[in-house]
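Below, each chain spelled out in residue letters.
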There are 2 protein chains.
Amino acid sequence: MKQYIETHKDRFLNELLDLLRIPSVSADSKFKGDMRSAAAFVQKSMLAAGADTAEIYETPGHPIVYGEKIIDPSLPTVLVYGHYDVQPADPYELWDSPPFEPVIKNDRIYARGACDDKGQFYMHIKALEMMVATNTLACNIKMMIEGEEEVGSSHLETFVNSHKELLECDTILISDTSIIANDVPSIETGLRGLTYMEVEVVGANRDLHSGVYGGGVANPINVLCEMIASLTDADGRITIPGFYDQVVELSAEERAALNAAPFDLEAYKEDLQIGDVAGEKGYTTIERTSVRPTLDVNGIWGGYTGEGAKTVLPSKANAKISMRLVPNQTDEEICALFTKHFEAIAPASVRVSVKPHHGGLPYVTPTDSVEYRAAEMAMEESFGKKPIPARGGGSIPIVALFEQVLGRKSILMGFGLDIDALHSPNESYGLFNYYKGIETIPLFFKHYAQLKK
Amino acid sequence: MKQYIETHKDRFLNELLDLLRIPSVSADSKFKGDMRSAAAFVQKSMLAAGADTAEIYETPGHPIVYGEKIIDPSLPTVLVYGHYDVQPADPYELWDSPPFEPVIKNDRIYARGACDDKGQFYMHIKALEMMVATNTLACNIKMMIEGEEEVGSSHLETFVNSHKELLECDTILISDTSIIANDVPSIETGLRGLTYMEVEVVGANRDLHSGVYGGGVANPINVLCEMIASLTDADGRITIPGFYDQVVELSAEERAALNAAPFDLEAYKEDLQIGDVAGEKGYTTIERTSVRPTLDVNGIWGGYTGEGAKTVLPSKANAKISMRLVPNQTDEEICALFTKHFEAIAPASVRVSVKPHHGGLPYVTPTDSVEYRAAEMAMEESFGKKPIPARGGGSIPIVALFEQVLGRKSILMGFGLDIDALHSPNESYGLFNYYKGIETIPLFFKHYAQLKK
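Here the structure is a predicted model, which means the values were calculated and not measured.

## Considerations on helix 12 (residues 431-452) of chain A
Taking 1.5 Å per residue as the helical rise, helix 12 of chain A with its 22 residues ought to reach 32 Å, and the 32 Å between its terminal C-alpha atoms agrees with that figure. Most of helix 12 of chain A is tucked away, with 17 of its 22 residues classed as buried.

## Quick notes on the pattern of salt bridges
Scanning the model with the defined rule gives 49 salt bridges over all chains in all. Put simply, A:Lys446 and A:Glu381 hold a salt bridge, and the shortest N to O gap is 3.2 Å. In this pair, A:Lys446 sits in helix 12 while A:Glu381 sits in helix 10 (residues 370-383), placing the two residues 65 residues apart along the sequence. Using a relative accessible area of 31% as the deciding quantity, one classes A:Lys446 as partly exposed. Of the residues examined, A:Glu381 reaches a relative accessible area of 42% and is grouped as partly exposed. In this structure, B:Glu439 engages B:Lys2 in a salt bridge whose closest nitrogen and oxygen atoms are separated by 3.7 Å. Of this pair, B:Glu439 sits in helix 12 (residues 431-452) while B:Lys2 sits in helix 1 (residues 2-20), and the two are 437 residues apart along the sequence. A relative accessible area of 13% means that B:Glu439 is categorised as buried. Taking the relative accessible area as the measure of exposure, B:Lys2 reaches 56% and is therefore exposed.

## So, the interface of chain B and chain A
Contact with chain B, which involves 87 residues of that partner, is made by 87 residues of chain A. Contact with chain A buries area across many residues of chain B, yet B:Ile300, B:Ala309 and B:Lys310 alone supply 8% of it, more than any other trio. Taken together, the links from chain B to chain A amount to two salt bridges. Of all the elements, strand 11 (residues 296-303) of chain B adds the most residues to the side of chain B that touches chain A, at eight residues.

## Description of the sheet that holds strand 13 (residues 316-325) of chain A
As summarised here, the arrangement of the eight strands in space is 14(A)-9(A)-13(A)-11(A)-11(B)-13(B)-9(B)-14(B), forming an open sheet in which the pairing is antiparallel. Each edge of the open sheet carries a strand with a single partner, namely strand 14 (351-360) of chain A together with strand 14 (351-360) of chain B. Across this sheet, the average inter-strand angle for adjacent strands is 15°, counted without regard to direction. Both strand 9 (residues 193-202) of chain A and strand 13 of chain A contribute to a ladder of ten bridges, which runs antiparallel. Considered in strand 13 of chain A, the bridge of A:Glu198 is made with A:Lys320.

## Section: the UniProt feature "domain: Peptidase M20 dimerisation" (unreviewed entry) in chain A
Within this numbering scheme, the UniProt entry marks residues 190-347 of chain A as carrying the feature "domain: Peptidase M20 dimerisation" (unreviewed entry). Overall, residues 190-347 of chain A shows 28% helix and 22% strand. The separation of its end C-alpha atoms is 39 Å.

## A closer look at the domain arrangement of chain A
All names here are of chain A. For chain A, the domain assignment lists domain 1 (2-191 + 362-451) and domain 2 (194-247 + 293-360). Contacts between the two partners involve ten residues from domain 1 and, on the opposite side, nine residues from domain 2. In this assembly, domain 1 packs against domain 2 so that about 690 Å² is buried in total across both faces, 61% of it on carbon and sulfur atoms. Area buried by domain 1 at its contact with domain 2 is led by Pro362, Ser395 and Pro397, which between them contribute 59% of it. Our count for the domain 1 to domain 2 interface comes out at zero salt bridges. For the pair domain 1 and domain 2, the number of links is one residue pair in polar contact (both at pLDDT 80 or more). When its residues are assigned to classes, the side of domain 1 that touches domain 2 shows four nonpolar, four polar and two charged.

## A closer look at the packing of aromatic side chains
Residue and element names in this part refer to chain A. Scanning the model with the defined rule gives 32 aromatic pairs over all chains in all. A connected cluster of aromatic rings, assembled from ring pairs, spans Phe41, Phe121 and Tyr122. Over the ring of Tyr110 we find Lys105; its NZ or CZ atom is 4.9 Å from the centre of that ring.

## Thoughts on the packing of helix 2 (residues 32-49) of chain A against helix 3 (residues 118-133) of chain A
Residues and elements named next belong to chain A. Following both chains from N to C, one finds helix 2 and helix 3 inclined at 20°, their axes separated by 8 Å at the closest point. When the axes of helix 2 and helix 3 are compared, the pair comes out roughly parallel. By crossing handedness, the relation of helix 2 to helix 3 is classed as left-handed. The segment helix 2 lies against helix 3, with Phe41, Val42, Ser45, Met46 and Ala49 engaging Phe121, Tyr122, Ile125, Leu128, Glu129 and Val132.

## Regarding the relation of the copies chain B and chain A
The operation relating the two chain copies consists of a rotation about an axis and a shift along that axis. Each copy of the sequence occupies a distinct position, and chain B is placed on chain A by a rotation of 180° and an axial shift of 0.0 Å, giving an RMSD of 0.1 Å. Here the symmetry operator amounts to a two-fold rotation axis. Looking at chain B, 100% of its interface residues are interface residues in chain A too, so the copies touch through the same face.

## Description of the packing of helix 10 of chain A against helix 12 of chain A
All names here are of chain A. Relative to each other, helix 10 and helix 12 sit at 135°, their axes nearing to 7 Å. Classified by the interaxial angle, the pair formed by helix 10 and helix 12 is oblique. By crossing handedness, the relation of helix 10 to helix 12 is classed as right-handed. Listed contacts from helix 12 to Val370, Glu371, Arg373, Ala374, Ala375, Met377, Ala378, Met379, Glu381, Ser382 and Phe383 of helix 10 are Phe432, Lys436, Glu439, Thr440, Leu443, Phe444, Lys446, His447, Tyr448, Leu451 and Lys452. Looking at side-chain class alone, the contact of helix 10 with helix 12 contains twelve nonpolar, three polar and seven charged residues.

## What to know about the confidence of the model for chain A
When pLDDT is averaged along chain A, the result is 96; 100% of the residues meet or exceed 70. On the interface metric, ipTM, the complex scores 0.85, and its pTM is 0.85.

## Brief notes about the sheet that holds strand 4 (residues 103-105) of chain A
Residues and elements named next belong to chain A. One open sheet accounts for three strands, arranged 4-5-18; its pairing is antiparallel. Looking at strand neighbours, the two that pair on one side only are strand 4 and strand 18 (428-430), the edges of this open sheet. Strand-to-strand twist across the sheet, computed as the mean angle between neighbouring axes with direction ignored, equals 30°. As paired elements, strand 4 and strand 5 (residues 108-110) share three bridges and run antiparallel to each other. Each residue of the ladder has a partner; that of Ile104, found in strand 5, is Ile109. Strand contacts of helix 12: strand 4, strand 5 and strand 18, with the helix running at about 60° to strand 18, the strand carrying the most contacts.

About the thresholds
Residues numbered from 1 in each chain as written. Chains lettered and ligands numbered in written order. Predicted model: local features only at pLDDT ≥ 70, side-chain atom pairs only at ≥ 80, totals over all residues. Heavy atoms only, no water. Helix = DSSP H or I, 4+ residues; strand = E, 2+ residues; numbered from the N terminus. Expected span 1.5 Å × (residues − 1). Buried < 20%, exposed > 50% of the residue type's maximum accessible area, 1.4 Å probe, protein only. Salt bridge = Lys/Arg side-chain N within 4 Å of Asp/Glu carboxyl O. Contact = heavy atoms within 4.5 Å. Buried area = accessible area lost by both parts, 1.4 Å probe. Pairing = 2+ DSSP bridges. Axes fitted to C-alpha atoms, helices over the stretch in contact; angles between N-to-C directions. UniProt positions renumbered as here; feature names shortened; annotations may be inferred. Domains from an automatic or database assignment. Polar contact = N/O pair within 3.5 Å; in protein donor to acceptor, adjacent residues only side chain to side chain. Nonpolar A, V, L, I, M, F, W, Y, C, P; charged D, E, K, R; others polar. Phe/Tyr/Trp six-rings, centres within 6.5 Å; stacked < 30°, edge-to-face > 60°. Lys NZ or Arg CZ within 6 Å of the ring centre and 35° of its normal. Parallel < 35°, antiparallel > 145°, perpendicular 65-115°, else oblique. Left-handed = near helix turned anticlockwise from the far one by under 90°. Least-squares fit on C-alpha atoms with pLDDT ≥ 70 in both. pLDDT = per-residue confidence, 0-100.

Structural data, given as structure tokens:
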């Protein structure tokens, strides 16, 4: 295996760089054509790697690429999931090199999607090529690479529901998460859910002169700020009635285990250049970013934002607000609670509208399952160290759906690092991590097949 | 006089339309060339109207146009002030017709600057033409039309200080304000001051993934919202320590006089399509918009504001915040108080920076002066109704400076209306008001000369 990687490492890298050159941004309709090119690239790669079939399934949104190689119906089947869409790259001016012109610097690949998730799902395609070429594929493999993960996977949900047989499998393997460090391998045992809202606050029917009307007419920006500020209290708790009702409090043991993971607060603050961390009172940074729900404004805009000064009392203000959810919150319920509350706290001097973007359920993976054990053994073999189970703060909405519809658990065996700057300018992915993933994935198949015997 | 206007009305209008076609936006440097064209246009117009001299004075910013006609040193001298710069026109998409392509609809001129202040200062140039042509000019006249009123008149301040002799006069006449209604003439007896700030709140050194870091790292947008919300309390009072210390409370009599002005709250709400007015507890809408100070966010931006959803925890957030001031607040003091307070309330998890844009002092004009009486008589003669003294909510920072440096009071004899939508899309100016102004101004000169005898 290592020999095969060594022989083909340059090609493995160049193929990924070609994929990274395609600006497949799912959130912005102006990249629709690039989304199709990316899907075609993935299909071609699957076939080249040795898949029996690889097809592009159309959806009302961006297409889904599905491929498979069934070697023996009696063997266990692994469904690999990933996504070829990426987050928007703006603000462009903060990138040291253009987001869709990948460059290699200090053994890292810099590009939007380098890690999330092109670099990570492409490891699976190269692992497939390797297992086929070396005739070591130990399980049947199905691969589903979608194009709407960054915008909520809404059409994938429909697809999964209508293709249960096609997607029938024993477990689902996903590389879209991180390890604690290159010398501290870990496996994500949980994900937060998400509900993403967009709000608009409207005051007068037109922009007004802040001198003539100022002080007598509600300013929608001031009002929006007050409404947003009121959504959290002095202890960093979210004030939406019922918000915490379904939140599962961890036991002292679970919290201790969680906080046992290596974490250097000073290094964390140093890396982010912040004077202090912040968050819900009574919880550690590890807990705040994994097992506690959040409310973050992802974007806000209103009034005059150009050069210089404009004394305008604007007609409206807008914000994008998302909440990360934890077991057993559901995005439907939190979306409803948020909407009801936000409308309820609006003063009579303004009108508000609330629009949900997308959401997903939180997820927890058991550490006593065959598939978890297989992942553990694979990583231990490739990293030379037993991986630590860790709860993640991100969201992969589809994981909960897989469990509901396919009745299977997902294994979150990712190879990224915090420094990869996912969703940020200068996203990157380590060459070590890319090749280590390609090396580890076949080991999962090997151990999983053996354990299932 | 009326005859002269009747004969030349079309030309009077077309000349103004030509001026309105020049996008002289002082706040945005990309209109620098247009600012020069506008200044040249004003100079040409003054000379054509009969000024002895008209010159363009350079400044480090936009030029000042000064012209005069001295007919007899023994006669009183009136200094006319106005500004040829306009507010930015965006949001352009809300204009029914392009802001710099004036159109006449329902006897109104629609264009950026139609009223504020091109339409209003140009009335004075046409009034001069008329007085010269009919040989009825009763006072010496000096005209100073600047290009930086909408950005704080900072260079005019230097110019006035260094040209005291040139600007020597008995009173200053300004048309940059409104009347209550076309059948309810009024004269502005006060203006609010202004201090305009820009703030930035910075969290982490880069945009972060809201799943990986959300809940553990301060979100600068949430923090900015909390800081802005905390600047006013539940009663609509501004919480900046010392903010009200210099505010002059009006006597019961003054308040009664102020509230005696015709004002229809229902019509006001109807016009703005708002469910309710808002503002400082214990004051009427008239008071809130004229004799009470304010704090309005004029613009806010941060994070992802594009199409769709981006789960980013942004690195920074910004806002433009301005405060209208009343006697005896000073912009220097309030600027300092705001800066000190805003920096003081910033949590350790963020860094804030505060930058002042510009400011101006509030102003009050006495109603027992010769010049006020002259304005009163002029309006009574042209409108057939005695004008009401009214306090305005807007700001003309330079007015307070004139008093300090030239030792003269300004008469705010404006002819606009609230419906003119100053600083808003679809700004307009009534043809009635334009011609009525041209008719009234010479009457001011006539009565002022007589009263000064």
